[in-house]
Amino acid sequence: MIKVKVPATTANLGPGFDTLGMSLELYNELEVSEVESGLEFEVVGYGSEELDLDENNLIYQSMKRVFEIVDYHPQGLKIKLNNQIPLARGLGSSATAIVGGLVAANKLSGDKLSRDELLNLATEIEGHPDNVAPALLGGVVISTIKDGQVVYKKLSVPKLNIVVCIPDYQLSTVEARESLPTEVKFEDAIFNLSHTGLLITGLITEDYKLIKYALDDKLHQPYRQELVPGLETILEEVKEDCLGVTISGSGPTVVAFSLEKEEKIGEKMVDIFSQNNIKAKYLVLNPTDQG
Ligand code: HSE
């Protein structure tokens, strides 16, 4: 039996659209055993009702990719899930399924693929590397795709608390990407370049006051505001209480980076969502170096 534990991730970190992501101490666990025949699932936690529990399942589809490449043919599989990451909230639940499936299948078939090969495959399946890279590697990961290969650098996680405010509705990444424009203004691109540079420098040098200036974004958040009622107010009003606040991945979860007053920040975000008729809850999570 193979056991794999994959962390939640928060992608973009504000200005680093499709480029930056960070892993968080909240996990989905996966146990895979070879059985005589068929495909069985058992789900504890999130997803027992919403997930495909058949050959269309994303974990199984990801496992199949590895088995095809390494020419391994299990007779049957039993997949047991313990999901602590809510689905379709911008916390990388699809990335955990892809990474979990790839890593489990690779272990089951004799560890033939390298970590970089698994990362390339995960990125190909997900379409962008910013969730799958920190899900696989842990830490904060900066990544891009060059000639079909992911080029990346992992940084140690910052000594910050992340207040994660999770609304009680799902928003698919596909829908949230459809709201984005096909072209952006030159000045908006420059805005994001400068902010991403400041953010990465702030993280590397642990000069966290730079984050205060660096989490703003003009490439995706403004276009996603109508999908996340209350987002605009949260970005404006919570900023003063923390180092920075941003939508997590494609939303609807919102994350605040802080060194203190986490309860106050969390309660304020929940309150603003509730003024917009959205129920939400908050968690205070630490970033993790473990993928
Ligand atoms: N970079 C992706 C997006 C992350 O914002 O669409 C999805 O979680």
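Residues numbered from 1 in each chain as written. Predicted model: local features only at pLDDT ≥ 70, side-chain atom pairs only at ≥ 80, totals over all residues. Heavy atoms only, no water.

Digging into the overall build of the protein
1) Next: From N to C terminus, the protein includes 10 helices and 10 strands.
2) Next: In terms of C-alpha radius of gyration, the protein reaches 19 Å, essentially the compact-globule figure of 19 Å for 291 residues.
3) Next: The principal-axis extents of the C-alpha atoms in the protein amount to approximately 60 × 40 × 35 Å.
4) Next: Across the protein, every contact between residues at least 6 apart in sequence was considered, and the portion connecting residues at least 24 apart equals 73%.
5) Next: Counting only carbon and sulfur atoms, one obtains 47% of the accessible surface of the protein, whose full area is about 13300 Å². (Helix = DSSP H or I, 4+ residues; strand = E, 2+ residues; numbered from the N terminus. Rg over C-alpha atoms; globule rule 2.2 N^0.38 Å. Contact = heavy atoms within 4.5 Å. Areas by Shrake-Rupley, 256 points an atom, 1.4 Å probe, with all protein chains shown as cover.)

Re helix α10 (residues 262-275)
1) Next: Compared with the 20 Å implied by 1.5 Å per residue over 14 residues, the 20 Å span of α10 between its first and last C-alpha is a close match.
2) Next: Inspection of α10 places Glu262, Ile265, Gly266, Met269, Ile272 and Phe273 among the buried residues, and these make up the whole buried set. One side of α10 holds all its buried residues, which, seen down the axis, span an arc of 130°. For α10, exposure combined with an orientation more than 90 degrees from the buried face picks out Glu263 and Gln275.
3) Next: Buried positions along α10 lie against β7 (161-167), α9 (231-238), β8 (244-247), β9 (254-258) and β10 (280-285).
4) Next: Trailing α10 by a residue or two, Asn277 shows a phi angle of about 60°, which is positive. (Expected span 1.5 Å × (residues − 1). Buried < 20%, exposed > 50% of the residue type's maximum accessible area, 1.4 Å probe, protein only. Arc of directions from axis to C-beta.)

Some points on unusual backbone geometry
1) Next: Geometrically, the link from Gly251 to Pro252 is a cis peptide bond, its omega value of 10° lying close to zero.
2) Next: For Pro252, the location among the structural elements is in the loop between β8 and β9.
3) Next: Residues other than glycine seldom take positive phi values, yet Asp111 does so here, at roughly 50°.
4) Next: Within the element layout of this structure, Asp111 appears in the loop between α2 (93-108) and α3 (115-126).
5) Next: Accessibility expressed as a relative area gives 53% for Asp111, which makes it exposed.
6) Next: Within the chain, Asp147 stands out as a residue other than glycine whose phi angle is a positive 45°.
7) Next: With respect to the helices and strands, the residue Asp147 is situated in the loop between β5 (140-146) and β6 (149-155).
8) Next: Residue classification places Asp147 among the exposed positions, given a relative accessible area of 78%.

Quick notes on the confidence of the model for the protein
1) Next: Of all residues in the protein, 100% have pLDDT values of 70 or greater, and the mean over the chain is 97.
2) Next: This prediction of the complex comes with two scores: 0.96 for pTM and 0.98 for ipTM. (pLDDT = per-residue confidence, 0-100.)

Digging into the environment of Asn276
1) Next: If you trace the backbone, Asn276 turns up in the loop between α10 and β10.
2) Next: For the pair Asn276 and Thr233, spaced 43 residues apart in the sequence, the C-alpha separation amounts to 10.0 Å.
3) Next: Ignoring anything within four residues of it in the chain, the contact list for Asn276 reads Pro229 and Gly230.
4) Next: At a separation of 2.8 Å, a polar atom in the side chain of Asn276 contacts the main-chain carbonyl oxygen of Ile272. (Polar contact = N/O pair within 3.5 Å; in protein donor to acceptor, adjacent residues only side chain to side chain.)

A few points about the state of the cysteines
1) Next: Tallied over the entire structure, the rule returns zero disulfides.
2) Next: The thiol of Cys242 is unpaired, and the distance to the nearest cysteine sulfur, on Cys165, comes to 12 Å.
3) Next: Look at Cys242 and you get buried, because its relative accessible area is 5%. (Disulfide = S-S within 2.5 Å.)

Section: the nonpolar core
1) Next: Core analysis: the largest hydrophobic core is formed by 37 residues, its most contacted members being Leu30, Val32, Met63, Val66, Ile79 and Val99.
2) Next: Breaking this core down by element, the ones donating at least two residues are β1 (2-11), β2 (20-35), β3 (38-45), α1 (58-70), β4 (76-83), α2, α3 and α4 (132-137).
3) Next: Among the elements that line this core, the one with the most residues is α2, at nine residues.
4) Next: Beyond its immediate chain neighbours, meaning those up to four positions away, Leu30 contacts Ile2, Lys3, Val4, Ile59, Ile79, Lys80, Leu81, Gly100, Gly101 and Ala104.
5) Next: Core analysis: the next-biggest nonpolar cluster, separate from the first, contains 25 residues, Leu26, Leu199, Tyr208 and Ile211 among them. (Core = buried A, V, L, I, M, F, W, Y, C linked by side-chain atoms within 4.5 Å.)

A short note on the site of the ligand
1) Next: Every residue close to the ligand is listed here: Ala11, Asn12, Phe17, Asp18, His128, Asp130, Asn131, Thr173, Arg177, Arg224, Gly249 and Ser250.
2) Next: Asp130 is positioned with one of its side-chain polar atoms (N or O) 2.6 Å from a nitrogen atom of the ligand.
3) Next: If you map the ligand onto the pockets, it falls in the largest pocket.
4) Next: Residue classes in the shell around the ligand are distributed as two nonpolar, six polar and four charged. (Near = heavy atom within 4 Å. 1 Å grid on protein atoms, 1.4 Å probe; cavity = no way out; pocket = protein on both sides within 12 Å on 5 of 7 lines; lining within 4 Å. Sits in = over half its atoms within 2 Å of the grid points. Nonpolar A, V, L, I, M, F, W, Y, C, P; charged D, E, K, R; others polar.)

Thoughts on the layout of surface pockets
1) Next: Roughly 790 Å³ of volume is contained in the largest pocket.
2) Next: Around the largest pocket sit 42 residues that line it, and Leu58, Ala88, Ser93, Ser94 and Glu126 are the ones nearest its centre.
3) Next: Taken together, the elements giving at least two residues each to the lining of the largest pocket come down to β1, β2, α1, β4, α2 and α5 (173-178).
4) Next: Take the lining of the largest pocket: its biggest share by element is five residues, from α2. (Points joined across faces, edges and corners; volume = space filled by probe spheres on them.)

Brief notes about the environment of Thr196
1) Next: Considering the arrangement of structural elements, one finds Thr196 in helix α6 (residues 186-204).
2) Next: On a C-alpha basis, the gap between Thr196 and Asn28 in space is 29 Å, while along the polypeptide they are 168 residues apart.
3) Next: Not counting the four nearest positions on each side in its chain, Thr196 is found in contact with Pro15, Gly16 and Leu20.
4) Next: In terms of polar contacts, Thr196 uses its side chain to reach the backbone carbonyl oxygen of Asn192, at 2.7 Å.

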